[in-house]
Amino acid sequence: MGKAKQAKRRWARDEDKEQFWRNALIEYASSGVSISAFCLQKSISPTSFNAWRRELQVSERERVSAGSYASESQLPSFPDKVKDSRGRIIPSTSRNR
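Scope of this entry: the structure provided in the associated data block. (Residues numbered from 1 in each chain as written. Predicted model: local features only at pLDDT ≥ 70, side-chain atom pairs only at ≥ 80, totals over all residues. Heavy atoms only, no water.)

### Structural notes on the overall build of the protein chain
Here is the rule we go by: Secondary structure counts use DSSP, requiring at least four H or I residues in a row for a helix and at least two E residues in a row for a strand, with both numbered from the N terminus. In this description, contact between two residues means that some pair of their heavy atoms is separated by no more than 4.5 Å. Values of accessible area rely on a 1.4 Å probe in the Shrake-Rupley scheme; residue burial ignores everything except the protein chains shown.
Along the protein chain, the regular secondary structure elements total three helices and two strands. Here the contacts in the protein chain between residues at least 6 apart in sequence split such that 49% fall between residues at least 24 apart. Of the roughly 7400 Å² of accessible surface on the protein chain, 49% is carried by carbon and sulfur atoms.

Below, the structure is given as structure tokens:
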């Protein structure tokens, strides 16, 4: 009688954007600087950085729980301490541990 309801996606997955942000996260993890300093150096929005970090972490957890990967995660772990934009050592605010 009617159409079956389909799950509504918030947005279509853009593989190029996803790969850009995966690469940015990998580069950040090895940079040793804070998220703010990294984003300032790369001229990217800290809000977008954190949103994509969360999105990719959720995506990785879903893939791991579904058994899509042999290893646990392809995203890097983040450092405990980083340098801020002034070069001071501060604790990392990342929750990806």
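### Structural notes on the packing of aromatic side chains
To be explicit about the condition: Only centres within 6.5 Å qualify two rings of Phe, Tyr or Trp (six-membered ring in Trp) as a pair; their planes then separate them into stacked at under 30 degrees, edge-to-face at over 60, and tilted for everything else. Relative accessibility decides the category of a residue: with a 1.4 Å probe and only protein chains considered, values under 20% of the type maximum give buried, values over 50% give exposed, and everything between is partly exposed.
One pass over the full model with this rule turns up six aromatic pairs. Aromatic side chains Trp-21 and Phe-49 sit 6.4 Å apart centroid to centroid with 70° between the ring planes, which places their arrangement in the edge-to-face category. One end of the pair, Trp-21, is in helix α1 (residues 15-31); the other, Phe-49, is in helix α3 (residues 46-65), with 28 residues separating them in the sequence. We classify Phe-49 as buried; its relative accessible area is 0%. An aromatic cluster is built from Phe-20, Trp-21, Tyr-28, Phe-38, Phe-49 and Trp-52, whose rings are joined through pairwise contacts.

### Comments concerning the environment of Lys-42
For Lys-42, the location among the structural elements is in helix α2 (residues 35-42). Relative accessible area serves as the criterion here: at 40%, Lys-42 is assigned to the partly exposed category. It is 9.1 Å that separates the C-alpha atoms of Lys-42 and Ala-24, two residues lying 18 residues apart in sequence.

### A closer look at the nonpolar core
To keep things clear, this is the line we draw: Among buried residues, those of type Ala, Val, Leu, Ile, Met, Phe, Trp, Tyr and Cys that are joined through side-chain atoms within 4.5 Å constitute a nonpolar core.
Grouped together as the largest cluster of nonpolar side chains are 13 residues, with contacts concentrated most on Trp-21, Phe-38, Ile-44 and Phe-49. Listing elements by their share of this core, those giving two or more residues are α1, α2 and α3. Setting aside its immediate chain neighbours within four residues, Phe-49 contacts Trp-21, Ala-24, Leu-25, Tyr-28, Ile-35, Phe-38, Cys-39 and Ile-44.

### Description of the packing of α1 against α3
Short version of the rule: Only the contacting stretch of a helix is used when fitting its axis, a line to C-alpha atoms as for every element, and angles between N-to-C directions run 0 to 180 degrees. Angles are sorted into four bins: roughly parallel if under 35 degrees, roughly antiparallel if over 145, roughly perpendicular if 65 to 115, and oblique for all others.
Closest axis-to-axis distance for the α1/α3 pair is 10 Å, and the angle between their directions is 100°. On the basis of the axis angle, α1 is roughly perpendicular to α3. Across from Lys-17, Glu-18, Trp-21, Arg-22, Ala-24, Leu-25 and Tyr-28 in α1, the residues of α3 making contact are Ser-48, Phe-49, Trp-52, Arg-53, Leu-56, Ser-59, Glu-60 and Arg-63.

### Structural notes on unusual backbone geometry
For Ser-43, which is not a glycine, the phi torsion comes out positive at approximately 55°. Of note, Ser-43 is situated in the loop between α2 and α3. The exposure class of Ser-43 is exposed, given its relative accessible area of 67%.

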